[in-house]
Amino acid sequence: MGRPGPLTAEQRHLPQVRLRPAQEEDSARLLALRNDPDAVGFSVSGRAVTVEEHERWFRRVRDDPAHHRLWIAEQGGEPVGQVRVDITGGTGTVSIAVEAGHRGRGVGTSMLQAVVAQVGVEGAPSRLTSVVRSDNAASLRAFAAAGFRQVATGAEFLELEWP
Ligand SMILES: CC(C)(COP(=O)(O)OP(=O)(O)OC[C@H]1O[C@@H](n2cnc3c(N)ncnc32)[C@H](O)[C@@H]1OP(=O)(O)O)[C@@H](O)C(=O)NCCC(=O)NCCS
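Residues numbered from 1 in each chain as written. Predicted model: local features only at pLDDT ≥ 70, side-chain atom pairs only at ≥ 80, totals over all residues.

## Topic: the overall build of the protein
Part 1: Helix and strand counts for the protein come out as five helices and seven strands.
Part 2: Listing the helices and strands of the protein from first to last along the sequence gives β-α-α-α-β-β-β-α-β-α-β-β.
Part 3: Once the C-alpha set of the protein is aligned to its principal axes, its extents read approximately 60 × 35 × 35 Å.
Part 4: Residues counted as buried form 23% of the 163 residues belonging to the protein. (Helix = DSSP H or I, 4+ residues; strand = E, 2+ residues; numbered from the N terminus. Buried ≥ 20, exposed ≤ 12 C-beta atoms within 10 Å, placed from the backbone.)

Laid out in structure tokens, this is it:
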């Protein structure tokens, strides 16, 4: 018998996460997640946001649920990250962040699988996409494990798509 290969995400035991819609009282947590140093470094803008920018953005998201879905992920009742889908036409752009203390344990993969399952059940948007920095190995692997594939390659960023 040969040596066993590395476990795929399907074979790996992933933590159970529950997605709940973000509420007004999640604002400070969402700002902290957005301005986490890794999240800033891997973001498209590459910069932190101000409290005012964040509050304006969060109000816009809450006021327009047809175009913005934003969830807090919980594990055992504890918030462990956020994931959102910004919808234009039939396409949803996915953004994700896991709390620093919970990274590298399968939470991000589980969150993305939950979003894909949710979108599958709702039947919309029909297409998901994400833009990920080419050096963000954890993000690229998490999206791949949730069924995303690479459709465009730039030097700095890759575009991923589901299905
Ligand atoms: C990117 C992020 C969401 C991934 O979530 P996570 O819970 O840390 O990731 P997981 O534990 O589910 O791991 C996903 C895969 O990456 C691998 N991985 C985890 N941490 C890693 C690291 N630091 N370097 C390389 N690979 C890593 C895991 O082994 C796993 O791969 P596998 O499925 O082949 O075994 C999370 O790390 C994060 O919030 N980072 C900061 C913000 C950010 O980068 N957001 C995404 C912007 S596109």
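Past the structure itself, the notes keep going.
## Comments concerning helix α5 (residues 137-145)
Part 1: All of the buried residues in α5 are S139, A142 and F143. Buried residues in α5, looked at end-on, bunch into an arc of 95°, giving them a common side.
Part 2: Where α5 terminates, the next one or two residues include G147, which has phi positive at roughly 100°. (Arc of directions from axis to C-beta.)

## Some words on the packing of helix α4 (residues 107-122) against α5
Part 1: The contact between α4 and α5 brings their axes to 8 Å, and the two run at 40°. In this view, α4 runs oblique relative to α5, as classed from their interaxial angle. Relative to α5, α4 is oriented so that their crossing is right-handed. From α4, G108, T109 and L112 reach across to α5, where they touch A138, A142, F143 and A145. (Axes fitted to C-alpha atoms, helices over the stretch in contact; angles between N-to-C directions. Parallel < 35°, antiparallel > 145°, perpendicular 65-115°, else oblique. Left-handed = near helix turned anticlockwise from the far one by under 90°. Contact = placed C-beta atoms within 7 Å.)

## With respect to α4
Part 1: The end-to-end C-alpha separation of α4 is 22 Å, in line with the 22 Å expected for 16 residues at 1.5 Å each.
Part 2: Of all the residues in α4, the buried ones are V107, G108, T109, S110, M111, L112, V115 and V119.
Part 3: Of the surrounding secondary structure, the elements contacted by the buried residues of α4 are β2 (68-75), β3 (78-88), β4 (91-98), β5 (127-133) and α5.
Part 4: Looking one or two residues past α4, G123 carries a phi angle of roughly 75°, positive in sign. (Expected span 1.5 Å × (residues − 1).)

## Section: the environment of E159
Part 1: One can find E159 in strand β7 (residues 157-162).
Part 2: Taking the number of C-beta atoms within 10 Å as the measure of exposure, E159 has 14 and is therefore partly exposed.
Part 3: The sequence separation of E159 and A144 amounts to 15 residues, and the corresponding C-alpha distance is 12 Å.
Part 4: Setting aside its immediate chain neighbours within four residues, E159 contacts T129, V131, V151 and A152.

## Some thoughts on the nonpolar core
Part 1: Counting 27 residues, the largest nonpolar core has W71, A73, V83, M111, L112, V115 and F143 as the members making the most contacts within it.
Part 2: For this core, the secondary-structure elements that each account for two or more residues are β2, β3, β4, α4, β5 and α5.
Part 3: If you tally residues by element for this core, the top one is α4, at five residues.
Part 4: Contact partners of V115, with chain neighbours within four places excluded, come to V83, V85 and V94. (Core = buried A, V, L, I, M, F, W, Y, C linked by C-beta atoms within 7 Å.)

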